[in-house]
Amino acid sequence: MVHFRKEIIINARNENEVRIAITEQGRLVELFVENPETVRHVGEIWMGKVAKVIPGMNAAFIDLGLTQDAFLHFSDVGNSYDGSMSLLSSEGADMRDDDDESEDDEYDDDEEGPLTPHVREARPAPKVSRAPRKPFTTLEVQNVDMTPGQNIMVQVTREAFANKGVRVTSRISLPGRFLVLVPFEPGIGISKKVASVRERRRLRRIIRALKPREMGVIIRTVAENKEESALREDIEKLLSQWREIEKKIKEKTPPMILYQESNITTTVLRDLFSNDITRIVVDDKKMYQEVLDYIQWSAPNLAGVVEPYKGNAPLFEQKGIEQEIEGLMSKKVPLPSGGYLFIEKTEAMVVIDVNSGRYAARREQELNSLKTNLEAAREAARQLRLRDIGGIIVIDFIDMLDDRNNKKVYDEMKKELRRDRAKSSVLPLTDFGLMQITRQRVRQAIGDTLSDQCPACGGTGLVVGASTVMHQIERWLDRYSTESDRAPLVLRVHPTVHEELNTGFISKLRKLAWKFKVRLKSRLDDEMRADEYKFSRASDNKDITNQYIGPRPDSPADTEESTPTSPATPKRRDRREGDRRGNGRGGDRRRDSGGRRPEGRSDRGEGRPERQEPRGERPERGSQEPRGDRGEPRGEGHGDGARRRNPRRRGSGGGGNRGEGGQGQPQQGGENRNRPPQQRREDRGPRLEPGGPRPMDGGDQHMME
């Protein structure tokens, strides 16, 4: 196994912030930040109240007095517990007090914060033929007896993220340097990393003599080869903390906090300091003394690795860590050979895309792809640790034809993730070159800790363009001008939109005011988003933006239901004009033998009374008709085409201006506009019988005659 140079760099010069960096081979792999704005709940023990029980989810929500209720899955709840003081668990660790070393419970104690024995490392399926270990099933979690309003003791195992609250468990544990006290689970467990059978037997014998019979203890890896006095001091400290918790339970009422983790420095040293740490550098004298005292107590032989920083330049800048922290905000991560990773976070998962970039060696494509994919696997594993990405991760590697190369990439990823303290599970590459990973989520991603959501884009990375906002403003003014009294307005917009409105000799703002006949002024507002605008009345400065956003009251759906006697909309007016022009929409399809429409029927369909128009006196048949522009009398078959200003276009019905009395003699209809509308309708040609040939327009009749 390759030995990595592993260092802990502590930056504590700023009294309001402490930053701890873990480096391997000089590269940043983990970062911890503690400041007044960051609240760390993992490891806290609470006495809360059951807020809701949801059997369909096999879960309950616990009121801890936080912003959101905590989530408790029934698989994290034991079979028996005392609702007023404690929660007793009868399953999970299955610890034993026998001396058979082959039956020791093994735990991976590299997790951050308190240990959760029920979380196991994902391993390949064993090849030996033995019954696999049964996971939690619905039958095991259906017997939880829990009612709303009940008191319950829980411990936080995962920080809140997105819109989810913290996750809790009823398996309470108090972590120490060498041991972990489990108050409600009697027995002894030993870390699986303690390989020596003799050492395991020695540790079990010491702990059995020190621990209370009703409690359990997990022996951590760092306890290997430690003296009995160090183990006794550690367990006495943990028992003292537990007695303080019991006192708080009797004195206070829930929801209340019973135990809180110490500062971030002590927590990191307790969980991460081991024999493979080659150096600890601290840039603050007070913090240096605290770290040195802790190391002298826990590992006196390693006290020499602690060093004070005496340089003038900031510690993180001198180590090159500051530049890597700035890169945490970037989605693009470069690779040594010229390729790069593109990391995209979504609601459901994190997607990493591998790109070859400018890398193109003088070899075949398969070898180029393999080299880039191997670099991408190593860098992706580092980014998962560095950014503390949890949940589902999908990596899209460059396609390779050889299955052996796909296996090399898979093995490289597994090897890199073995150094990760968070539990993870990796699947081989699919036929599409995708690798699926699940990683334990313990704390909030470091990117979310160091950044806030963008107020302009809302976290999407995209903002509406200024031209789009201009169109939205124009549509708003269009509706305002038709539905209001057009009172003077004041428009408040972002500076970029304000500049767009007022640019030019004749600005767009002035054009909008002229177009909609509204007095309009614009004012810039630095606090508004680029895609936001607000209209207010100039008289009282009242915001009226929302009053003219949404569907119009006279939307097309409402217009179709309106009464025929209502004022004609542009759509209906066009339809009437089409009927008069005889444009194929059936202008003369419903006429009686005298050229009249049946009563109660219009050109637009049956059952609809036509629009009421001024009625004039009907001339007697054979009487002198009004003459056109050229003096010719109008014919009986004249349509409504003469109502248009162009006297040369054809009309509908009986020939328009081209015939008199249906005889096809050309004439002008200039004087037709002076005739009553009802009289003009009476002059249309006869209606053909049903089933006969199609009705002829004016041009057809003229040609036939």
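All figures in this text were calculated on a predicted structure; none of them were measured in a lab.

(A) The arrangement of the overall build of the protein in detail. The number of helices and strands found in the protein is 17 helices and 25 strands. Taken across its 705 residues, the protein has 46% of its residues classed as buried. Contacts in the protein between residues at least 24 apart in sequence constitute 66% of all its contacts with a sequence separation of at least 6. For the protein, the computed accessible surface area is about 38,700 Å², with 49% contributed by carbon and sulfur atoms.

(B) Layout of the nonpolar core. Ranked by internal contacts, the top residues of the largest apolar core, which has 31 residues, are Met153, Leu179 and Trp242. Put simply, the parts of the chain that give this core at least two residues each are strand S4 (45-54), strand S11 (179-182), strand S12 (187-191), helix H2 (197-210), strand S13 (216-219), helix H3 (228-251) and strand S14 (256-259). Per-element tally for this core: the top contributor is H3, with 8 residues. Non-local contacts of Trp242, meaning those with residues more than four positions away in its chain, are made with Met153, Ile172, Leu174, Leu181, Pro183, Phe184 and Met215. In terms of nonpolar packing, the next biggest core, distinct from the first, is built from 28 residues, Leu341, Ile343, Ile352 and Tyr410 among them.

(C) Examining the pattern of salt bridges more closely. Per the counting criterion, the structure on display carries 33 salt bridges. In this structure, Asp531 and Arg529 form a salt bridge, with 3.1 Å as the shortest nitrogen-oxygen distance. Given a relative accessible area of 36%, Arg529 falls into the partly exposed group. Three or more residues are tied together by salt bridges with common partners; here these are Glu24, Glu30, Arg385, Glu416, Arg419 and Arg421.

(D) Summary view of the sheet that holds strand S20 (residues 391-396). Read across the sheet, 6 strands follow the order S17-S18-S19-S20-S22-S21 without closing on themselves; strand pairing throughout is mixed. Because the sheet does not close on itself, it has two edges, and the strands there are strand S17 (332-334) and strand S21 (424-426). Pairwise comparison of adjacent strand axes, ignoring direction, gives a mean angle of 20° for this sheet. Against the sheet, helix H8 (residues 365-387) makes contact with S17, strand S18 (340-345), strand S19 (350-355), S20 and strand S22 (434-439), and its axis sits at roughly 150° relative to S19, the strand it touches most.

(E) Structural view of the packing of aromatic side chains. Scanning all chains against the criterion turns up 9 aromatic pairs. Taking the centre distance of 5.2 Å and the plane angle of 85° together, the rings of Tyr480 and Tyr548 count as edge-to-face. A residue pair is termed long-range when its members are at least 10 positions apart, and Tyr480 in helix H11 (residues 466-483) and Tyr548 in the loop between strand S25 (533-537) and helix H14 (556-560) qualify at 68 residues. Of the residues examined, Tyr480 reaches a relative accessible area of 1% and is grouped as buried. Take Tyr548: its relative accessible area is 14%, and that puts it in the buried class.

(F) Summary view of helix H4 (residues 264-272). Counted residue by residue, H4 has 8 buried out of 9 residues, so it is predominantly covered. Those residues of H4 not exposed but buried are Ile264, Thr265, Thr267, Val268, Leu269, Arg270, Asp271 and Leu272. Buried-residue contacts for H4 involve strand S1 (6-11), strand S2 (18-24), strand S3 (27-34), strand S10 (174-175), strand S15 (277-282) and helix H5 (285-298).

(G) The arrangement of the pairing of S11 in detail. By the alternation rule, side chains of S11 split into Leu179 and Leu181 and Val180 and Val182, which are all buried. As judged from the 2 bridges shared by S10 and S11, these two strands associate in the antiparallel manner. For Leu174, the partnering residue across the bridge sits in S11 and is Leu181. Following S10, the chain reverses through 3 residues before pairing antiparallel with S11.

(H) Region of the structure containing the packing of H11 against helix H13 (residues 508-516). In contact at an axis separation of 10 Å, H11 and H13 are set at 25° when each is read in the N-to-C sense. Classified by the angle between their axes, H11 and H13 sit roughly parallel to one another. H11 and H13 meet at a crossing whose hand is right-handed. Facing Met470, Ile473, Glu474, Leu477, Asp478 and Ser481 of H11, the residues of H13 in contact are Lys508, Leu512, Lys515 and Phe516. Taken together, the residues that form the contact of H11 with H13 break down as 5 nonpolar, 1 polar and 4 charged.

(I) Seen up close, the side chain of Thr169. Relative to the helices and strands, Thr169 is located in strand S9 (residues 167-169). In this structure Thr169 comes out as buried when scored by relative accessible area, which is 2%. Within polar-contact distance, the side chain of Thr169 engages the backbone oxygen of Asp76 at 3.3 Å.

(J) View of H3. Here H3 spans 35 Å end to end across 24 residues, near enough to the 34 Å set by a 1.5 Å rise per residue. Those residues of H3 that sit buried are Ala230, Leu231, Asp234, Ile235, Leu238, Leu239, Trp242, Ile245 and Ile249.

(K) Quick look at the side chain of Arg385. Mapped onto the secondary structure, Arg385 falls in helix H8. When its relative accessible area of 4% is taken as the criterion, Arg385 is described as buried. There is a polar contact of 3.4 Å between the side chain of Arg385 and the side chain of Glu30.

(L) View of the sheet that holds S25. As summarised here, the arrangement of the 3 strands in space is S24-S23-S25, forming an open sheet in which the pairing is mixed. Whereas interior strands pair on both sides, the edge strands pair on one side only; in this sheet they are strand S24 (520-524) and S25. In this sheet, adjacent strand axes meet at a mean angle of 25° when their direction is disregarded. Sheet contacts for H11: strand S23 (489-493), S24 and S25; angle to S25, the most-contacted strand, approximately 30°.

(M) Region of the structure containing the environment of Leu269. Relative to the helices and strands, Leu269 is located in helix H4. Sequence separation between Leu269 and Arg177 is 92 residues; the distance between their C-alpha atoms is 8.9 Å. Apart from the residues lying within four places of it in its own chain, the contact partners of Leu269 are Ile8, Arg177, Ile280, Val291 and Tyr294.

How each quantity is defined
Counting restarts for each chain, with residues numbered from 1 along the sequence as it is written. At least 70 in pLDDT is required for a residue's local features to be given in this predicted model, at least 80 for side-chain atom pairs to be given and counted, and no such filter applies to totals for whole chains, interfaces and linings, which use all residues. Note: side-chain values were computed over all heavy atoms of the structure, leaving out hydrogens and water. What counts as a helix is a DSSP run of H or I of at least four residues, what counts as a strand is a run of E of at least two, and both are numbered from the N terminus. Exposure classes here rest on a 1.4 Å probe applied to the protein chains alone. A residue is buried below 20% of its type maximum, exposed above 50%, and partly exposed in between. Here, two residues are considered to be in contact whenever any of their heavy atoms come within 4.5 Å of each other. Throughout, the Shrake-Rupley method with a 1.4 Å probe supplies accessible areas, and for residues the shown protein chains are the sole cover considered. The term nonpolar core refers to a set of buried residues drawn from Ala, Val, Leu, Ile, Met, Phe, Trp, Tyr and Cys, joined through side-chain atoms within 4.5 Å. Salt bridges are defined as contacts in which a side-chain nitrogen from Lys or Arg sits within 4 Å of a carboxyl oxygen from Asp or Glu. Only strands that DSSP links by at least two bridges are regarded as paired with each other. All axes are obtained by fitting lines to C-alpha atoms, using only the stretch in contact for helices, and the reported angles, taken between N-to-C directions, cover 0 to 180 degrees. Two rings belonging to Phe, Tyr or Trp (six-membered ring only in the last case) form a pair when the distance between their centres is within 6.5 Å. Interplanar angles under 30 degrees mark stacking, angles over 60 mark edge-to-face geometry, and anything in between is tilted. Every angle not falling under 35 degrees, over 145, or within 65 to 115 is termed oblique; those three ranges are roughly parallel, roughly antiparallel and roughly perpendicular. Helix crossings get a hand from a simple test, with the near helix turned counterclockwise from the far one by less than a right angle marking a left-handed crossing and a clockwise turn marking a right-handed one. Residue type decides the class: Asp, Glu, Lys and Arg count as charged, Ala, Val, Leu, Ile, Met, Phe, Trp, Tyr, Cys and Pro as nonpolar, and the leftover types, Gly among them, as polar. Any pair of N or O atoms that falls within 3.5 Å is considered a polar contact. Within protein, one atom must be able to donate a hydrogen and the other to accept it, and sequence-neighbouring residues count only if both atoms are side-chain atoms. Here the expected length of a helix is defined as 1.5 Å per residue gap, with one fewer gap than residues.

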